[in-house]
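Per-entry structural report
The primary structure of each chain is shown beneath.
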Amino acid sequence: MAFNKDEMHAPTWMDQAFFEKVLKHSENDSTVTVGALKIVPGSKVGEHYASIIFRAAVSYRSRGKDLETSLIVKTIPAEEGMKKEFLKNGALFETETLMYNTVVPEMYRLLKAAGDDTELGPSSSDPHWVMVFSDLAVRGYTVKSGQMDLEESKMLYAKLARWHAASTYLADSLPVMKTLDKGLGNMDIKEFKPMWTSYIITLSEVCREWPGYESYGDRLEQISEAIFDKLKNVYTLDESTRYHVLNHGDLHAKNCMYHIVEGKTEDILLLDYQISMWGSPAVDLIYSMYNSVSYETRNSHRDELIKFYYDEFVATLNRFGYLKKIPTLVDLHVEITKCGHLETFLICTFLPFMMLTMEELMPQPPPNAEEGVEFDFADADKMKEMIRHCMTHPKCRPRFPLLLIETDYFIDFILLGEIGRRLFLDDDSALFHSCA
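The shown structure was predicted, so the numbers you read here are calculated from the model rather than taken from an experiment.

1. Observations regarding the environment of Met99
Note on placement: Met99 falls in helix α3 (residues 91-113). Residue class for Met99 comes out buried when judged on its relative accessible area of 0%. Setting aside residues up to four positions removed in sequence, Met99 forms contacts with Val104, Pro105, Trp163, Leu180, Leu246, Tyr273 and Ser276.

2. Some details on the packing of helix α8 (residues 282-291) against helix α10 (residues 329-338)
With their axes 9 Å apart at the nearest point, α8 and α10 run at an angle of 65° to one another. Taken together, the axes of α8 and α10 lie roughly perpendicular to each other. Considering how the two elements wind past one another, α8 and α10 form a crossing that is right-handed. Residues Ala282, Leu285 and Ile286 of α8 touch α10, and the partners they reach there are Leu332, Glu335 and Ile336.

3. Topic: unusual backbone geometry
At Asn28, a residue that is not glycine, the phi angle is positive and equals roughly 55°. By the secondary structure assignment, Asn28 is in the loop between α1 (16-27) and β1 (33-41). Phi is positive for Asp272, close to 65°, though the residue is something other than glycine. Position of Asp272 relative to the elements: it lies in the loop between β9 (264-270) and β10 (277-279). Residue Asp272 is classed as buried on the basis of its relative accessible area of 12%.

4. Structural notes on the sheet that holds strand β8 (residues 256-261)
Spatial ordering of the open sheet is given by β6-β8-β9, a layout of three strands whose pairing is antiparallel. Among the strands making up the open sheet, the edge pair consists of β6 (141-142) and β9. Bridging between β6 and β8 involves two bridges; their strand directions are antiparallel. Its bridge partner being in β8, Thr142 is matched across the sheet by Tyr258. Helix α4 (residues 150-170) contacts β8 and β9 of the sheet and is inclined by roughly 30° relative to β9.

5. Focus: the pairing of β8
Pairing between β8 and β9: six bridges, direction antiparallel. Within the sheet, the bridge partner assigned to Ile260 lies in β9 and is Thr265. Counting the residues in the hairpin turn of β8 and β9 gives two residues, including Glu262, whose phi is positive at 50°.

6. A few points about the nonpolar core
In summary, soluble globular proteins display a tendency toward joint burial of nonpolar side chains. In this structure, Trp196, Leu220, Phe313 and Phe345 are the most contacted members of the largest nonpolar core, which totals 106 residues. When sequence neighbours within four positions are dropped, the list of residues in contact with Phe313 reads Ala161, His164, Ala165, Thr168, Tyr243, Val245, Ile326 and Pro327. The next biggest cluster of nonpolar side chains, apart from the first, holds 15 residues, and it includes Ile52, Ala56, Leu71 and Val132.

7. A word on the pattern of salt bridges
Inspection of every chain in the model, using the stated rule, returns 27 salt bridges. Between Glu205 and Lys384 there is a salt bridge whose closest N-O contact spans 3.6 Å. Of the two residues, Glu205 is situated in helix α5 (residues 193-207) and Lys384 in helix α14 (residues 380-392); the sequence distance between them amounts to 179 residues. Classification of Lys384 by relative accessible area gives partly exposed; the value is 35%. Between Glu209 and Arg388 there is a salt bridge, with the nearest N and O atoms lying 3.3 Å from each other. Of this pair, Glu209 sits in the loop between α5 and α6 (214-223) while Arg388 sits in helix α14, placing them 179 residues apart in sequence.

8. So, the packing of α5 against α14
Where α5 contacts α14, the axes come no closer than 10 Å and their chain directions differ by 45°. By the angle class used here, α5 and α14 are oblique. Along this stretch, α5 crosses α14, giving a crossing that reads as right-handed. Where α5 abuts α14, its residues Tyr199, Thr202, Leu203, Glu205 and Val206 lie against Met383, Lys384, Ile387, Arg388, Met391 and Thr392. Class assignment of the residues belonging to the contact of α5 with α14 gives a composition of six nonpolar, two polar and three charged.

Rules and cut-offs
- Residues numbered from 1 in each chain as written.
- Predicted model: local features only at pLDDT ≥ 70, side-chain atom pairs only at ≥ 80, totals over all residues.
- Heavy atoms only, no water.
- Helix = DSSP H or I, 4+ residues; strand = E, 2+ residues; numbered from the N terminus.
- Buried < 20%, exposed > 50% of the residue type's maximum accessible area, 1.4 Å probe, protein only.
- Contact = heavy atoms within 4.5 Å.
- Axes fitted to C-alpha atoms, helices over the stretch in contact; angles between N-to-C directions.
- Parallel < 35°, antiparallel > 145°, perpendicular 65-115°, else oblique.
- Left-handed = near helix turned anticlockwise from the far one by under 90°.
- Pairing = 2+ DSSP bridges.
- Core = buried A, V, L, I, M, F, W, Y, C linked by side-chain atoms within 4.5 Å.
- Salt bridge = Lys/Arg side-chain N within 4 Å of Asp/Glu carboxyl O.
- Nonpolar A, V, L, I, M, F, W, Y, C, P; charged D, E, K, R; others polar.

Listed below in structure tokens is the structure:
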């Protein structure tokens, strides 16, 4: 089993004294003492791409009893590299701290008051730049390879609908949610933008090798820079609409844990609230529709899943006794259309990695895997080779031309916007209305 290189050795501060402090807080017992302690990597390669995670088996004594627990510890990388550079100012941890300390507890309180015992995700003890969670594996939850089928997707959207509805209800009483404005498209992405641009360029090169799709090569290359302006617009709060929710922000299949009984998924929990942000619900819906839901499920049931999510959202608001006007299903579809550039971006960048399992992504075990595997996003040549492998893989190759056809309108819209600017149009929103 391959683990991330930066998780092969726990930092020196993660010792008995650290876990005594954590357990004294969680157990509300100042006399806690820690005995045996075993720390191992907390995730496999490819299960997450930001922060580092460890699993700790801890034996301790509290109130005269010998006890054992398993904890997950999440923190900032110590090894130099893009991951450490990206996380160095702690902004993502500050968002997650706010989520665990303030927002999520209020969501649970609201759901419980409405008679809804839905569990959205794990609990955290004293979160800061180091976070300690209860180990969901002890309760039978696990990660799984591959994206979600229809039933799993409905479980996901039932949770997401409650999440969004709770944030809608709490918007006035918990205005701090509206300060969360650093999503994927509008946070500081200078470390990742060259990598994502290279993915788009690589796809454009691959398209030129596919008979009948050569034209996409030039078109994708032309939007490889402009698409980031569109992405920023998607993630920037649109004050002209009142349809806003707190987005999870990073809702992909690897950011979930699954309770699987005899091969059937019974429950799904949502993890990782580092880039939660206030904005259009379309952000979570589009992001998850590509990064969580399988290609076959999305193609056959996209409208059904959107309607399912919407019905759950409305039903939850009604249980809360929400008195303001509830957005319509048409409003939701308008939001999804307005945010459609996110679909183009995801298809060209994230989706290839999400469609493949780690074994398919890395068919040959890396040398010295026992020392840990490093995803070096800063190695442009290595990442370009990997994205080409993804896009030409038998699981992706037949699907990508069809995915590109789905985004024709948005690719052309960006290209029209570029032409419009050259023709001295002040802004290309007029083009949107003329094309719609």
